[in-house]
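Notes for the structure review
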Amino acid sequence: MIDVCNIQVMKPLLEAHGFHFSKAKGQNFLIARWVPEEIARQSGVDQTVGVLEIGPGIGPLTQQLCLNAKKVCAVELDKRLQPILKTTVGEFENLQIIWDDVLKQDVKKLVAEQFSGLRPMACANLPYYITSPILTALLEAECFQAVTVMVQKEVAQRIAAKPGTADYSAFTVFCQYYAEPEILFDVPAHCFLPQPKVTSAVVTLRTRKELPWEIHSKEIFFRTVRASFAMRRKKLTNGLASGFPELGKAGAEDVIRSCGLSENVRGETLDIGQFAAIANEIHRRRK
Ligand code: SAM
């Protein structure tokens, strides 16, 4: 197997194919072999698993996934990588590559077609310019047991944040609604070529089999969350009154009080159970 993380191997390989990195496609390739090895190991991929990989690049993580998983399906946008991937991962019979934009895929359908009888997981060193839309698509597909991704460290901290902290955001609540996140390890910039300006981190999101909260309307729940964070320095009353104009300020205060919360509370301090209670109360009043 070609050691694609070895710079002495990688540089001539890229040069032989006249390949130049595309900043627009978020191309920062791994040059430290321990990183893909650890991602594959800590993601829990084994012979019962089918893995969707996003953005294989020249294949460092793909190799590790192919060695450990029953099946790997990788989606790559940049067709210039075709001949290189043929050299680096062409030997694996359990790999299928789809040459397309991952955001154009029907993820649920793809998983059903590719991974019948297997435990589906997703793994990736993500192109950072589309971290949020990709994670949104992977979690909303509700078909993976776990999603393990490398992202910017500050994004990982936002995904795993606790209520009341500066990192806690609407995106935190979105991720934690679907999954329980855990930051696995940091990856310094010198592990990539070219080096990104930021530190990265690998985070795993173990998806929930059942929601621990009763939520009467998913749409109103997420509207409540967005409204609560839209004015994060202000009181929750203002955010709710603006996100649900039909409530008015007095109605918003009343909703908050009926959930046993102070009308001075700020949205960024609420946990998901408290957002659920507020959303359910709004839903009840709209009926
Ligand atoms: N997995 C490789 C590694 O770790 O060295 C490459 C990771 S690089 C950060 C991101 C990869 O995602 C690149 O190969 C890039 O071409 C690919 N990519 C960018 N946008 C994409 C998209 N919309 N759909 C699929 N792949 C994409």
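Report on the accompanying structure.

What counts as what
Each chain carries its own residue numbering, running from 1 in the direction its sequence is written. Two thresholds apply to this predicted model, a pLDDT of at least 70 for residue-level local features and 80 or more for giving and counting side-chain atom pairs, whereas whole-chain, interface and lining totals are computed over all residues. The side-chain quantities take in all heavy atoms of the structure and omit both hydrogens and water. A run of H or I in DSSP counts as a helix once it spans at least four residues, and a run of E counts as a strand once it spans at least two, with each numbered from the N terminus. Relative accessibility thresholds used throughout: buried, under 20% of the residue-type maximum; exposed, over 50%; partly exposed, between the two (1.4 Å probe, protein chains only). For the accessible areas, the method is Shrake-Rupley and the probe is 1.4 Å, while residue cover comes only from the protein chains on display. Counted as positive: Lys and Arg. Counted as negative: Asp and Glu, with His and the chain ends omitted from the count. Lysine's charge is taken at NZ, arginine's at CZ, aspartate's at CG and glutamate's at CD. Pairs of strands are assigned from DSSP output, requiring at least two bridges between the strands. The convention used is that axes are lines fitted to C-alpha atoms, helices contributing only their stretch in contact, and that angles between N-to-C directions extend from 0 to 180 degrees. Throughout, near means a residue has at least one heavy atom within 4 Å of the molecule or strand. As used in this structure description, the phrase polar contact means that two N or O atoms lie within 3.5 Å; if the pair is within protein, one of them must be able to donate a hydrogen and the other to accept it, and residues adjacent in sequence are counted only when both atoms belong to side chains.

With respect to the overall build of the chain
- Each helix and strand counted, the chain has 12 helices and 9 strands in total.
- Split into buried and exposed, the 287 residues of the chain put 51% on the buried side.
- Counting every atom, the chain has about 13,200 Å² of accessible surface; 49% of that belongs to carbon and sulfur.
- The averaged location of the 31 negative side-chain charges in the chain is 4 Å from the averaged location of its 35 positive side-chain charges.

Quick word on the sheet that holds strand 6 (residues 146-152)
- Taken in spatial order, the 7 strands line up as 4-3-2-5-6-9-7 in an open sheet, and their pairing is mixed. Looking at which strands have only one partner, the edges of the open sheet turn out to be strand 4 (95-99) and strand 7 (179-187). Here the strands of the sheet are splayed against their neighbours by 20 degrees on average, with no regard to which way each runs.
- Relative to strand 9 (residues 200-207), strand 6 runs antiparallel, the two sharing 7 bridges. Residue pairing in the sheet places A146 in a bridge with R206 of strand 9.

Observations regarding helix 3 (residues 60-68)
- Among the 9 residues in helix 3, 7 count as buried, and that is most of the element.
- Where helix 3 is concerned, the buried positions are P60, L61, T62, Q63, Q64, L65 and C66.

A short note on the site of the ligand
- Taken together, 24 residues lie near the ligand, and L30, G55, E76, D101 and N125 sit nearest.
- L77 places a polar main-chain atom, nitrogen or oxygen, 3.3 Å from a nitrogen atom of the ligand.
- Out of a free accessible area of 590 Å², the ligand has 99% covered by protein chains.
- For the shell around the ligand, the secondary-structure elements that each account for two or more residues are strand 1 (29-30) and strand 3 (71-76).

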